[in-house]
Amino acid sequence: NQPQQGQLKQILMDSHKHLDPFFTDDTPEIRSIEGGGMTVRGYWAKFNVRSRQMTTKKGVKFTESIAPGAFDTTDFSDVECCFDHDSRQFLASDPTLKYGVDGTGAWYEYEHDSTDPVHQTVVRRIQRRNVKGASFQFPALPADCYEVRDEDGIKHRTITRFPRVVEFGPVRLPAYPDTTAYARSLDESATEPELEPETPAQTSQQIRLRQYKALHP
């Protein structure tokens, strides 16, 4: 038996030990097409746009952004579009899913299926402005895929290359987990605060000498 779309998504996600998300503040739009149909379109990534500030479990503050060209060599094979990264809310894949990259960032567009309950729910959420943006998921990035610099005590990571993108789509709210591979690496490399050296314990002879000097100035 051939697996269903949701099962395909789960199989693909299970093949990776860890997937990290990246959120983009871009509300999708609904477009009418010739013949009475509709499409849903939006950006799932934007270039040179700084993310909201995030904090790791150890309190390290950091932000992220995506450099132009980061998707030039990305593997998009079997990529899917889901709502809220939920395989049970599958929206589209090839051939009803279109995606690409332009000067603004990476975009997606899928055909609305008026007979699909998931599609109906997502469109209603978009119309009610309950959808706040889009997000995509990718396997943890190797160190040669990004650059990090310190900006006034906040680490900023500029991602220059995404080898693989597994899934993207609209989301209700931004999710900034503190358990991403990068957040964990920041915690692992965080230096422990240096303790002030302890004052050496004084010997009984030193104490008696101090007392003697106090009595015989």
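Placed above this text is the structure.
Residues numbered from 1 in each chain as written. Predicted model: local features only at pLDDT ≥ 70, side-chain atom pairs only at ≥ 80, totals over all residues. Heavy atoms only, no water.

### Focus: unusual backbone geometry
Part 1: Asp-94 connects to Pro-95 through a cis peptide bond whose omega is 15°.
Part 2: Following the sequence through the fold, Pro-95 ends up in the loop between β7 (90–92) and β8 (97–101).
Part 3: Of note in this structure, Asp-78 is not a glycine but carries a positive phi near 65°.
Part 4: You can see Asp-78 is positioned in the loop between β5 (61–66) and β6 (80–82).
Part 5: Not every positive phi belongs to a glycine, and His-85 is a case in point at roughly 55°.
Part 6: Structurally, His-85 can be placed in the loop between β6 and β7.
Part 7: When its relative accessible area of 21% is taken as the criterion, His-85 is described as partly exposed. (Helix = DSSP H or I, 4+ residues; strand = E, 2+ residues; numbered from the N terminus. Buried < 20%, exposed > 50% of the residue type's maximum accessible area, 1.4 Å probe, protein only.)

### Some points on the pairing of strand β11 (residues 146–151)
Part 1: As paired elements, β11 and strand β12 (residues 154–159) share six bridges and run antiparallel to each other. Paired with Val-148 across the two strands is Arg-157, which belongs to β12.
Part 2: Between β11 and β12, which pair antiparallel and follow one another directly, the connecting turn spans two residues, one of which, Asp-152, has a positive phi of 55°. (Pairing = 2+ DSSP bridges.)

### Quick look at the sheet that holds strand β9 (residues 105–111)
Part 1: An order of β2-β3-β9-β8 is seen for the four strands of this open sheet, with the pairing classed as antiparallel. Two strands close off the open sheet at either side, each with one partner strand: β2 (29–32) and β8. Direction aside, the axes of adjacent strands within the sheet are offset by 25° on average. (Axes fitted to C-alpha atoms, helices over the stretch in contact; angles between N-to-C directions.)

### Details of the pattern of salt bridges
Part 1: On inspection of all chains with the given rule, the structure shows 12 salt bridges.
Part 2: Here Glu-109 and Arg-41 are joined by a salt bridge, their closest N and O atoms 3.6 Å apart. A residue pair is termed long-range when its members are at least 10 positions apart, and Glu-109 in strand β9 and Arg-41 in strand β3 (residues 38–46) qualify at 68 residues.
Part 3: When its relative accessible area of 14% is taken as the criterion, Glu-109 is described as buried.
Part 4: As a salt-bridge pair, Arg-164 and Asp-75 come within 3.8 Å of each other at their nearest N and O atoms. Of the two residues, Arg-164 is situated in the loop between β12 and β13 (167–171) and Asp-75 in the loop between β5 and β6; the sequence distance between them amounts to 89 residues.
Part 5: For Asp-75, a relative accessible area of 34% corresponds to the partly exposed category. (Salt bridge = Lys/Arg side-chain N within 4 Å of Asp/Glu carboxyl O.)

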